[in-house]
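# Observations on the three-dimensional arrangement
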Amino acid sequence: QVQLVESGGGLVHPGGSLRLSCTASGFALDFAAVGWFRQAPGKEREEVGCIVSNDPSPFYAESAKGRFTISRDNASNTVYLHIDSLKPEDTAIYYCTADVLVKMCAHHPEYWGQGTQVTVSS
């Protein structure tokens, strides 16, 4: 059974940094594409980025380039999202996503975690 559990969200001051974690079970990261989406209040979900084993580097959505970093640890089946220089507009629920037995990011993930809340406020 595929399961994704996010953690690490919370209240952060503008300009701070945060690292979110996604612990996966039911599949191996080296045979999957794992990514991050977010949904801000009153807005639709948008892609942050994703990572697959056969890609030299993660894919990032245009809006996420620069301040967002995706990494993974296959041994622990964990994917991370590090966010630098947090802004109030980064406030959103962040979701970990996955597609299994794929060789590239499809950008329409099949599996979703429950989400973790990130709030950026003074």
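Residues numbered from 1 in each chain as written. Predicted model: local features only at pLDDT ≥ 70, side-chain atom pairs only at ≥ 80, totals over all residues. Heavy atoms only, no water.

### Topic: the nonpolar core
Test applied: We call a set of buried residues a nonpolar core when its members are Ala, Val, Leu, Ile, Met, Phe, Trp, Tyr or Cys and they connect through side-chain atoms within 4.5 Å of each other. The cut-offs for exposure are 20% and 50% of the maximum accessible area for each residue type, with area from a 1.4 Å probe on protein chains only; residues under the lower value are buried, those over the upper are exposed, and the others partly exposed. Counting from the N terminus, the helices are the DSSP runs of H or I reaching at least four residues and the strands are the DSSP runs of E reaching at least two.
Among the nonpolar cores identified, the biggest contains 28 residues, and Phe27, Trp36, Leu81 and Tyr94 are the most heavily contacted of them. Elements supplying a minimum of two residues to this core: strand 3 (18-25), strand 4 (32-39), strand 5 (46-52), strand 7 (68-73), strand 8 (78-83), strand 9 (92-100) and strand 11 (116-120).

### Some words on the packing of aromatic side chains
Note the cut-off: Any two of the Phe, Tyr and Trp rings considered here, Trp counted by its six-membered ring, make a pair once their centres fall within 6.5 Å; the pair's planes then place it as stacked at under 30 degrees, edge-to-face at over 60, or tilted in between. Charge-over-ring contacts are defined here by two conditions on Lys NZ or Arg CZ: a distance within 6 Å of the ring centre and an angle within 35 degrees of the ring normal.
Inspection of the entire model under this criterion finds two aromatic pairs. Ring centres of phenylalanine 37 and tryptophan 112 lie 5.0 Å apart, and the angle between their planes is 55 degrees; on these two criteria the pair is classed as tilted. Within this pair, whereas phenylalanine 37 is found in strand 4, its partner tryptophan 112 is found in strand 10 (residues 111-112), the two being separated by 75 residues in sequence. With a centroid separation of 5.9 Å and 75 degrees between ring planes, the pair formed by tyrosine 95 and tryptophan 112 is classed as edge-to-face. Separated by 17 residues along the polypeptide, tyrosine 95 in strand 9 and tryptophan 112 in strand 10 bring together distant segments of the chain. Relative accessible area serves as the criterion here: at 9%, tyrosine 95 is assigned to the buried category. Overall, tryptophan 112 belongs to the partly exposed group, its relative accessible area being 32%. Taken together, the ring pairs in this structure connect Phe37, Tyr95 and Trp112 into an aromatic cluster. The ring of tryptophan 112 carries arginine 45 above its face, with NZ or CZ at 4.5 Å from the centroid.

### With respect to the state of the cysteines
Defined as follows: We call a pair of cysteine sulfur atoms a disulfide whenever their separation is within 2.5 Å.
Going through the model one piece at a time under the given rule, you end up with two disulfides. Each sulfur in the disulfide pair cysteine 22 and cysteine 96 lies 2.0 Å from the other. With the S-S dihedral at roughly -75 degrees, the linkage between cysteine 22 and cysteine 96 falls on the left-handed side. Here cysteine 22, found in strand 3, pairs with cysteine 96, found in strand 9; they are 74 residues apart in sequence, far enough to count as distant. By the burial criterion, cysteine 22 is buried, and cysteine 96 matches it. For the chain, the bonded cysteines connect in the pattern 1-3, 2-4 when numbered consecutively along the sequence.

### Concerning the pattern of salt bridges
The following threshold applies: What counts as a salt bridge is simple: a side-chain nitrogen of Lys or Arg found within 4 Å of a carboxyl oxygen of Asp or Glu.
Here the structure, examined in full by the defined rule, presents four salt bridges. When the shortest N-O distance is used, the salt bridge between arginine 38 and glutamate 46 registers 2.7 Å. Accessibility expressed as a relative area gives 11% for arginine 38, which makes it buried. Linking arginine 67 and aspartate 90 is a salt bridge whose minimum nitrogen-to-oxygen distance equals 2.8 Å. With arginine 67 in the loop between strand 6 (59-60) and strand 7 and aspartate 90 in the loop between strand 8 and strand 9, the pair connects residues that are 23 residues apart, well separated along the chain.

Just distances and angles here, no functional claims.
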